[in-house]
Amino acid sequence: MPSTPSSPARVDVVLPCLDEAEALPWVLARIPAGWRALVVDNGSTDGSAGVAAALGATVVHEPRRGFGAACHAGLTAATADVVCFCDCDASLDPSLLVPFVREVLDGEADLVLGRRRARARGAWPAHARAGNLALARLLRRRTGLRLHDLGPLRAARREPLLALGLSDRRNGYPLQMVVRAADAGWRITEHDVPYLPRTGTSKVTGTWRGTWQAVRDMSRVLAEPPAGERTVR
């Protein structure tokens, strides 16, 4: 289980980014003061990297496509004690991470997740909700965790996250983080957060096909054996 150092922590916010130039100003303006924004450009063609750099973010380039690839590139580039994750499409407000980080620093939780609550019509398509609900049930069966969402807004300490040995580089990355944390005995909490209509078109949940691919990736993660039964490579 992760330890809880008594020294103050710095915070890095990992923002996986693929063609989010329009949303970046809103997102980066809401990064809490003193925190560092790590925008991981995952092959954008709309100038997202330049926009992020101009707005003061640290830009990390990850040419290998995949949500997990972008998230993990940000995690490995982070140097702060605490690392947060947030989508870069303006559907989630990164300022909501402040109490998440406080909970981690106070030793009340090892991983804090945001449970998305749609605040406008169309913010969360029906097929995406259905897929998320199915995965939450499967997760409960696999780990015993009574979570309702596997959303991207989350916070944890960097070193323990790296020690989980996360290997998925596609859409299963967020789920693998939760599964492996549960296997390691982490204290995992969940809090409601408002979910807003995203800027632009979703690369994952915007279509039935994208949702199905995400569910398929996550199903593979759920099929992984517990840590003690995995083959070390």
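Residues numbered from 1 in each chain as written. Predicted model: local features only at pLDDT ≥ 70, side-chain atom pairs only at ≥ 80, totals over all residues. Heavy atoms only, no water.

What follows covers the confidence of the model for the protein. In low-pLDDT segments, the atomic positions of the prediction should not be examined closely. When pLDDT is averaged across the protein, the result is 86; 82% of the residues are at 70 or more. Residue range residues 1-8 is modelled with pLDDT below 50. Its contacts to residues more than four positions away, or to other chains, number 15 contacts. (pLDDT = per-residue confidence, 0-100. Contact = heavy atoms within 4.5 Å.)

The next thing to look at is helix α3 (residues 67-77). Burial analysis of α3 places eight of its 11 residues in the buried class, the great majority of the element. For α3, the full list of buried residues reads G68, A69, A70, C71, H72, A73, G74 and L75. (Buried < 20%, exposed > 50% of the residue type's maximum accessible area, 1.4 Å probe, protein only. Helix = DSSP H or I, 4+ residues; strand = E, 2+ residues; numbered from the N terminus.)

Our next topic: empty space enclosed by the protein. Gaps left between atoms are located by rolling a probe of water-molecule size over the structure's atoms. Across all of its chains, the model carries two cavities of 30 Å³ or more by this definition. Its volume calculated, the largest cavity comes out at about 50 Å³. When contributions to the lining of the largest cavity are tallied by element, the ones reaching two or more residues are α3 and α7 (173-183). Looking at which element gives the most residues to the lining of the largest cavity, the answer is α7, with three residues. Within the lining of the largest cavity, the residues separate by chemical class into seven nonpolar, no polar and one charged. (1 Å grid on protein atoms, 1.4 Å probe; cavity = no way out; pocket = protein on both sides within 12 Å on 5 of 7 lines; lining within 4 Å. Points joined across faces, edges and corners; volume = space filled by probe spheres on them. Nonpolar A, V, L, I, M, F, W, Y, C, P; charged D, E, K, R; others polar.)

This paragraph deals with the state of the cysteines. Scanning the model with the defined rule gives zero disulfides in all. Counting only cysteine sulfurs, C88 is the nearest neighbor of C86, a cysteine outside any disulfide, at a range of 7.7 Å. (Disulfide = S-S within 2.5 Å.)

Attention now moves to the pattern of salt bridges. Following the criterion strictly, the structure yields seven salt bridges and no others. Where R36 meets D12, a salt bridge forms, and the shortest distance between an N and an O atom there is 3.0 Å. Of the two residues, R36 sits in strand β2 (residues 36-41) while D12 sits in strand β1 (residues 11-17), which places them 24 residues apart along the sequence. Taking relative accessible area as the criterion, R36 reaches 27% and is therefore assigned partly exposed. For E159, the salt bridge is made with R158, and the minimal N-O distance between the two is 2.6 Å. Among the residues examined, R158 registers a relative accessible area of 15% and is labelled buried. (Salt bridge = Lys/Arg side-chain N within 4 Å of Asp/Glu carboxyl O.)

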